Amino acid sequence: MSVETGTQERNAAHAPPRVPSAAAPSAAAYVPNRVFHIPGYWAFIAPVMAAGLVPAYASARALPVAAAVLAVLVAMLIGVSAKVFARLERETARNAGQRAVVMLLGVGLPMLLYGAAAANWARQQGEPFWIGAVGMAGLAATAASLLLARRSPAMLTALAAVWLPLVAGAGAWQGWCILAIGTVGGTLMAWRQMVSYRQAMARRQEQQRVHQRAFDILVDYERTGQGWFWETDASGRITYLSPSLGDVFGCPVEALRGRPFVELFGDDITGHESAATSLNFHFSARAGFRDIVVSVAAEGKERWWSISGSPILDGCGAYLGFRGFGWDQSERRRSQERSSRLAHYDSLTGAANRLQMSQSLETILNAPDEAQRKCAVLLIDLDRFKQVNDTLGHPAGDDVLKQVAERLRGAVGGMGRIGRIGGDEFQVILPGAHEREVLGELAGTILSSLSQVYPLDDKRAVIGASVGIALAPDDGVTSQALIRNADLALYAAKKAGRGLYRFYVPDLHGDAEERRQLERDLREAVATGGLELWYQPIVHTVSETITGFEALLRWTHPRLGTLSPARFVPLAEEAGLIAPIGEWALRTACRDLANWPESVSVAVNLSPLQFANPALPAIVTSALASAQVAPSRLELEITERVFLSEDTSTEATFAALKRIGVRLALDDFGTGYASIGYLDTAPFDRIKIDQSLLRGATAPGSRNGPILASIVGLGEALDMETTAEGVETLEELELVRALGCSHVQGYIYEPPMPLADAVARLARGLDAGTAGSHALRAPRNAILRKIVLEADGERHEALVRNITVSGAMVEAPGPVQPGASVTVHVEEGQAIPATVRWRDGDRIGVQFAAPLVIDTPRRMRPPVPAIAAPPAGDAPDIRRATR
Ligand code: C2E
Ligand code: MG
Ligand code: MG
């Protein structure tokens, strides 16, 4: 037996519902103006009438006259056939008039005849017999009054009918007066009695209805088996139990009567107090109790009952026992257990849910013993999971999640507990102290296990994962801090390229804070127009003319200076700022393009997030329309990340953009995900080969050359143009030319420049190859070329950034200081003596000993033999040429 004390109000004077013990009598029995249904009415009145003849005979000393005897016989006959009148009254007397007729015939007529017989006899016998006649009538009247008590109209009729012939026979006016007064007074009294009687009846019927309803409700409730009633005597022995309990205990409830009530319950399941102890306490204190939850072992399964009771006292306050009710809590408790399970476990994978995991973590971190507060938290985020959902459907996604949970269980084993804390986020808590190496190994096992192929019904799925790890107490002593730090580590793992695990290090915190600050600054920059678009020319390889510009975002941060979009665009994507920034870039680029020559186009970079926006085609159309430029002059640069985005509307967006008539370029081709499949399905007009492929391509033995060649071949085959990005050196330019790239973009021609410079550049013409070479001053050629710089007998590899006939800006990592004499080895056998004029970081400005000779616009060589000192003052020019 068990007791739950939580909801008890032990001393509450709780009144249990009462169980009516007998059915109420029929209301019809009290209808006052009915007569004949009184069983035996005439069986009494007829003998009384007959008996009345005896004293009359004694006083008259003569037989009654025949008429009197006849009248008595008729009266008795009516009496004998009273049943007929009763039926008549019950079945046909629908209204008061009909009932009055029945009453006159059944009650009035026999009494009248009896009174008439008495009067007749008295008349014949003369004066002395009047005593006998009055006795006869009085006797009959008294019997009728008694028998018809509470039926005033019938009683009045009987009395009036029996006395009327005597009064008439006496013929005295005083007799009539008495009869009239008696009849009127009697009628008034009868009327009053009837009214009050009806009121009492109405009250009584209402009471009965209430009782009946309560009774029916309780009986119905008992029958449902949801609850039951009980009653004990003063010694706590059962006097009543609802019959439904017979099923529970497997015996008729009568068999339980007389047994102590507390014996019905099993052992205490909570261990606090036994039900017998608790109930006996209330019984002996005679104090009501409420919702004591007891366990009952019945029908082979455990049940829980909630019982309430209150003492029964008689009118004098004497204690009679206890009475109360109980109800079955088993289902409620089970469903509570179920919902508690649902509240703590993920129904799909069976793993603990976020709530349960955070409770577990709290428990560990708040352990009384400090040594037990150590643990490790691993946050696991699935990569490309949404793609599975979108491409293979949600049932497949669910299947994958189940398998992920299973694999995690396999990898973690008994070391800790796993939980699913979000759509595709899992968590592992490992209690106790763990070596970082061990955790690293576990994270590695998890990663490799989760990246295995997931077999689905008739398909397969491949996903990846990233893991962030934080340890308590090193990385946090509260669950909040620990989770936040594991999350930072997870973020770092994802940022580092996914499929990796990272431990939390305090720097991440700084990174996160910096990121937040940067995000705030970016928000402000977007709001206050702090962003700019710079433009970098794209040059046609063969004609060396500028065919367009790529628009590139620039943000001059008040503290950090000019920031590359490579740094702040991902931030904008995370902060949800890319949509307004992207739209602004589109509109600004189109507006700037409107003022440029018709043959020039502009390329705008699009984030995959912008691409996933269904409103993109509308935004593009609006930007073109408000700037009034032809759609064919706008090129949208999209990276392969678009295809990895978890949106399914990609194809529709491609089609919509193509309908508008804009050109599409696949940017950064070759940077990772490169799949030729994209080229086949998406309607690109251009492939932009990423500069990473170009780097080193000119070095002997590099395999990038053949790769570049195959990309160019692919472009040609698919009728797409190819732009080589980031061409810096002459060697690279020569290579991409040789490979047949249609366009070139890079510092070799021009770096990105502000709008004003781009406009100025366009004003000088579209010829890119001769740019600046006709200037009167020494031409500045922004080229990159590898050279060897010899200083103090040591040779360093260096990079020429900018060169004029009189000097050059060189990136030289060595410790060469201003004033030093150096030799610049441009090509084999071409050594140019020079002097270092300035140094800024790893850049130096050198002044050639003699001006160079120009072969072609971009080929300069030292005069042979070399050379006198250049005119002073050219060196600052070299520096200014830097961008
Ligand atoms: P991207 O679209 O591949 O742009 C080319 C990047 O290469 C630019 O970097 C450009 O300055 C740089 N570059 C051009 N020629 C050379 C060269 O000869 N050598 C070297 N080392 N780099 C060269 P930037 O401007 O820093 O932009 C970086 C990336 O930021 C862009 O790569 C583009 O993906 C993204 N981005 C720029 N503007 C936007 C924009 O408006 N929206 C979006 N969503 N992304 C943008
Ligand atoms: Mg681009
Ligand atoms: Mg690119």
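Our subject is the structure listed above.
Everything numeric in this text was worked out from a predicted model, so none of it was measured.

Colleague: So what's going on with the overall build of the chain? Which residues, and what values?
Modeller: Helix and strand counts for the chain stand at 28 helices and 29 strands. Split into buried and exposed, the 883 residues of the chain put 46% on the buried side.

Colleague: Please provide a residue-by-residue account of the site of ligand 1, values included.
Modeller: As a matter of local geometry, ligand 1 sits amid 24 residues, with Arg554, Asn605, Asp667, Glu728 and Tyr747 nearest to it. At 2.9 Å, a side-chain N or O of Asp668 approaches an oxygen atom of ligand 1. Contact with the protein chains covers 85% of the free accessible surface of ligand 1, which is 790 Å². Of all the elements in the fold, those that place two or more residues in the shell around ligand 1 are strand 14 (546-557), helix 17 (565-574), strand 16 (601-606) and strand 18 (663-669). Ranked by residue count, the leading element in the shell around ligand 1 is strand 14, at four residues. Partitioning the shell around ligand 1 into residue classes produces nine nonpolar, seven polar and eight charged.

Colleague: Outline the coordination of the magnesium ion (ligand 2), supporting the account with residue identities and numerical values.
Modeller: At 2.0 to 2.1 Å from the magnesium ion (ligand 2) lie its protein donor atoms, namely Glu550 (OE), Asn605 (OD1), Glu637 (OE) and Asp667 (OD). Written as a sequence motif, the donor arrangement for the magnesium ion (ligand 2) is E-x54-N-x31-E-x29-D. A spacing of 3.9 Å is found between the magnesium ion (ligand 2) and the magnesium ion (ligand 3), which share Asp667 as a donor. Remark: Asp667 occurs in strand 18 and Asn605 occurs in strand 16; sequence separation between them is 62 residues.

Colleague: I'd like a rundown of helix 16 (residues 506-528), residues and numbers included.
Modeller: With 23 residues, helix 16 extends 33 Å from end C-alpha to end C-alpha; this agrees with the ideal 33 Å at 1.5 Å per step. Restricting attention to buried positions, one finds in helix 16 the residues Leu508, Ala512, Arg515, Leu518, Asp521, Leu522 and Ala525. Just beyond helix 16, the residue with positive phi is Gly529, at close to 70°.

Colleague: So what's going on with the coordination of the magnesium ion (ligand 3)? Residues and values would help.
Modeller: Coordination of the magnesium ion (ligand 3) by the protein comes from Asp667 (OD), Asp668 (OD), Glu725 (OE) and Glu725 (OE), over a distance range of 1.9 to 2.4 Å. On the primary sequence, the residues serving as donors to the magnesium ion (ligand 3) are separated as D-D-x56-E. Assessed through its relative accessible area of 5%, Asp667 is described here as buried. For Asp668, a relative accessible area of 24% puts it in the partly exposed group.

Colleague: Which residues make up the packing of helix 4 (residues 96-125) against helix 5 (residues 130-147), and what are the values?
Modeller: Two elements in contact, helix 4 and helix 5, have axes whose closest approach is 8 Å; the angle formed by their N-to-C orientations is 165°. In terms of axis orientation, helix 4 runs roughly antiparallel to helix 5. The handedness of the crossing between helix 4 and helix 5 comes out as right-handed. Side by side, helix 4 and helix 5 meet where Met111, Tyr114, Ala118, Trp121 and Ala122 of the first sit next to Trp130, Ala133, Met136, Ala140, Ala141 and Ala144 of the second. For the contact of helix 4 with helix 5, the residue count by class is 11 nonpolar, no polar and no charged.

Colleague: So, the sheet that holds strand 22 (residues 785-791): which residues are in play, and what are the values?
Modeller: Remark on secondary structure: sheet strands pair via backbone hydrogen bonds, oriented parallel or antiparallel. Strand order in this closed barrel of six strands is 22-23-24-27-26-25, and the pairing throughout is antiparallel. Strand-to-strand twist in this sheet, taken as the mean axis angle between neighbours without regard to direction, amounts to 45°. With seven bridges connecting them, strand 22 and strand 23 (residues 794-803) associate as antiparallel partners. Within strand 23, the residue paired with Ile787 across the bridge is Ala798.

Colleague: Run through the pattern of salt bridges, naming residues and quoting values.
Modeller: What the rule picks out here adds up to 27 salt bridges. Note that Lys688 and Glu725 form a salt bridge whose closest N and O atoms lie 3.6 Å from each other. Highlighted residues: Lys688 in strand 19 (residues 686-689) and Glu725 in strand 20 (residues 721-725), separated in sequence by 37 residues. Glu725 sits in the buried class, given a relative accessible area of 9%. Here Arg695 and Glu728 are joined by a salt bridge, their closest N and O atoms 3.3 Å apart. With Arg695 in the loop between helix 24 (691-694) and helix 25 (704-717) and Glu728 in the loop between strand 20 and helix 26 (730-739), this pair connects stretches of sequence that are 33 residues apart. Classification of Arg695 by relative accessible area gives partly exposed; the value is 28%. Among the residues examined, Glu728 registers a relative accessible area of 16% and is labelled buried. Three or more residues are tied together by salt bridges with common partners; here these are Glu550, Glu637, Lys688 and Glu725.

Colleague: Can you tell me about a nonpolar patch on the surface, naming the residues and giving the values?
Modeller: Taken together, the side chains of Val101, Leu105, Leu109, Leu112, Leu164 and Trp176 define a hydrophobic patch exposed on the protein surface, amounting to about 480 Å² of accessible area. When residues in the nonpolar patch are grouped by element, the largest group, four residues, is from helix 4. Along the chain, Leu164 falls in helix 6 (residues 152-170).

Colleague: Go over the side chain of Ser242, please, and point to the residues and values.
Modeller: Examined against the element boundaries, Ser242 turns out to sit in the loop between strand 2 (238-241) and helix 8 (245-249). By relative accessible area, Ser242 is classed as buried at 0%. A polar contact is formed between the side chain of Ser242 and the side chain of Glu222, at a distance of 2.2 Å. Setting aside residues up to four positions removed in sequence, Ser242 forms contacts with Glu222, Trp228, Phe229 and Val253.

What counts, and at which threshold
Residues numbered from 1 in each chain as written. Chains lettered and ligands numbered in written order. Predicted model: local features only at pLDDT ≥ 70, side-chain atom pairs only at ≥ 80, totals over all residues. Heavy atoms only, no water. Helix = DSSP H or I, 4+ residues; strand = E, 2+ residues; numbered from the N terminus. Buried < 20%, exposed > 50% of the residue type's maximum accessible area, 1.4 Å probe, protein only. Near = heavy atom within 4 Å. Polar contact = N/O pair within 3.5 Å; in protein donor to acceptor, adjacent residues only side chain to side chain. Areas by Shrake-Rupley, 256 points an atom, 1.4 Å probe, with all protein chains shown as cover. Nonpolar A, V, L, I, M, F, W, Y, C, P; charged D, E, K, R; others polar. Donors = N, O, S within 2.8 Å, 3.2 Å for Na, K, Ca; no water. Expected span 1.5 Å × (residues − 1). Axes fitted to C-alpha atoms, helices over the stretch in contact; angles between N-to-C directions. Parallel < 35°, antiparallel > 145°, perpendicular 65-115°, else oblique. Left-handed = near helix turned anticlockwise from the far one by under 90°. Contact = heavy atoms within 4.5 Å. Pairing = 2+ DSSP bridges. Salt bridge = Lys/Arg side-chain N within 4 Å of Asp/Glu carboxyl O. Patch = residues over 30% accessible without salt bridge, like charges linked within 9 Å, V, L, I, M, F, W, Y side chains within 5 Å.

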